[in-house]
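# Residue-level structure breakdown
Residue-level listing of the chains:
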Amino acid sequence: MLDLLEKPAAVRRTVRSGIRIRMIPPAATRRAEFEQFAQTSLTRLHSTAYQLCHDWHLAQDLTQTTLTKLFQSWDRACESDNLLAYAHKILLRVYLDHRRRRSSTEVFLGAMREPAYEISPDLRLDLLGALSRLPARDRTIVVLRYFADHSVEQVSAELGVPVNVVKSQTRRSLIKLRHMLGTDRRALFG
């Protein structure tokens, strides 16, 4: 993996920094230095990443991205007086970049759990089919009232209709559903 990240290296290069001229070691030496630094500081960087985000998996991703960026700029980074502080600065920037992305606010809640029903699954499918045959506004009212468990006032406020409209549409929709379900309605509506 590190082979892919290495810049094409000349056999020997010089970098002028003020008066002194520094010889940059060959790629194999730079890689060995980086690997030694990465092994000694990995735990500390991962711990810092976890303290920032409170998620072990995201902390692993942030640490790996930090080490990748550090390796890409290793020639400049190894001249730093405090290499660990340099790495922590990269880690902080990687974390802030992650937080700025829209996807960082998404939360995985796990598998959706369907409530356990005492009625048969076929009857539930019949109910959902009958519900889909209602007009859009009626279906919305029934779903908000009985599936989302909203009050009449909440449904009225969400749809921007008077409370009496919600009540009358609910009543009419339930009558239509009872008619569509026929003999199955006793199991659903009692």
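You'll find the structure just up there.
Presented here is an overview of the structure given in this document. (Residues numbered from 1 in each chain as written. Predicted model: local features only at pLDDT ≥ 70, side-chain atom pairs only at ≥ 80, totals over all residues. Heavy atoms only, no water.)

So, on to the side chain of S73. Mapped onto the elements of the fold, S73 is located in the loop between α3 (56-72) and α4 (74-77). Judged by its relative accessible area of 10%, S73 falls in the buried class. In terms of polar contacts, S73 uses its side chain to reach the backbone carbonyl oxygen of K69, at 3.2 Å. (Helix = DSSP H or I, 4+ residues; strand = E, 2+ residues; numbered from the N terminus. Buried < 20%, exposed > 50% of the residue type's maximum accessible area, 1.4 Å probe, protein only. Polar contact = N/O pair within 3.5 Å; in protein donor to acceptor, adjacent residues only side chain to side chain.)

Turning our eyes to something else, we now look at the packing of helix α7 (residues 136-147) against helix α9 (residues 163-181). The angle between the axes and the distance between the axes are what describe a pair of packed helices. The interhelical angle for the contact between α7 and α9, taken along N-to-C directions, is 95°, at an axis separation of 9 Å. Compared by their axis directions, α7 and α9 come out roughly perpendicular. Counting all contacts with α7, which are made through R137, D138, I141, V142, R145 and Y146, the residues of α9 involved are V165, V166, Q169, T170, S173, L174, K176 and L177. (Axes fitted to C-alpha atoms, helices over the stretch in contact; angles between N-to-C directions. Parallel < 35°, antiparallel > 145°, perpendicular 65-115°, else oblique. Contact = heavy atoms within 4.5 Å.)

This part covers the nonpolar core. Residues F34, F37, C53, L62, L67, L70 and W74 are the most contacted members of the largest nonpolar core, which totals 21 residues. Mapped by element, the contributors of at least two residues to this core are α2 (27-53), α3, α4 and α5 (83-100). Beyond its immediate sequence surroundings of up to four residues, F37 is in contact with L70, W74, L83, L84 and A87. L127, V142, L174 and L181 belong to the second-largest nonpolar core, a separate cluster that totals eight residues. (Core = buried A, V, L, I, M, F, W, Y, C linked by side-chain atoms within 4.5 Å.)

The tally for this structure, following the rule as stated, stands at four aromatic pairs. For the pair F37 and W74, a centre-to-centre distance of 5.9 Å together with 40° between the ring planes defines the contact as tilted. Of this pair, F37 sits in helix α2 while W74 sits in helix α4, and the two are 37 residues apart along the sequence. One exposure class covers both F37 and W74, and it is buried. (Phe/Tyr/Trp six-rings, centres within 6.5 Å; stacked < 30°, edge-to-face > 60°.)

A pair can form between side chains of opposite charge whenever their charged atoms are brought close. On inspection of all chains with the given rule, the structure shows three salt bridges. Here R100 makes a salt bridge to D97, at a shortest N to O gap of 2.8 Å. Within this pair, R100 and its partner D97 are both found in helix α5, separated by three residues, close to a single helical turn. Residue class for D97 comes out partly exposed when judged on its relative accessible area of 38%. For the salt bridge of D138 with K176, the shortest nitrogen-to-oxygen distance reads 3.3 Å. (Salt bridge = Lys/Arg side-chain N within 4 Å of Asp/Glu carboxyl O.)

Turning our attention to the packing of helix α8 (residues 152-159) against α9. It is the contact of α8 with α9, at a shortest axis distance of 8 Å, that shows an interaxial angle of 110°. Classified by the angle their axes make, α8 and α9 are roughly perpendicular. On the side of α8, the interface is formed by V152, V155 and S156, while α9 contributes V163, V166 and K167. When its residues are assigned to classes, the contact of α8 with α9 shows four nonpolar, one polar and one charged. (Nonpolar A, V, L, I, M, F, W, Y, C, P; charged D, E, K, R; others polar.)

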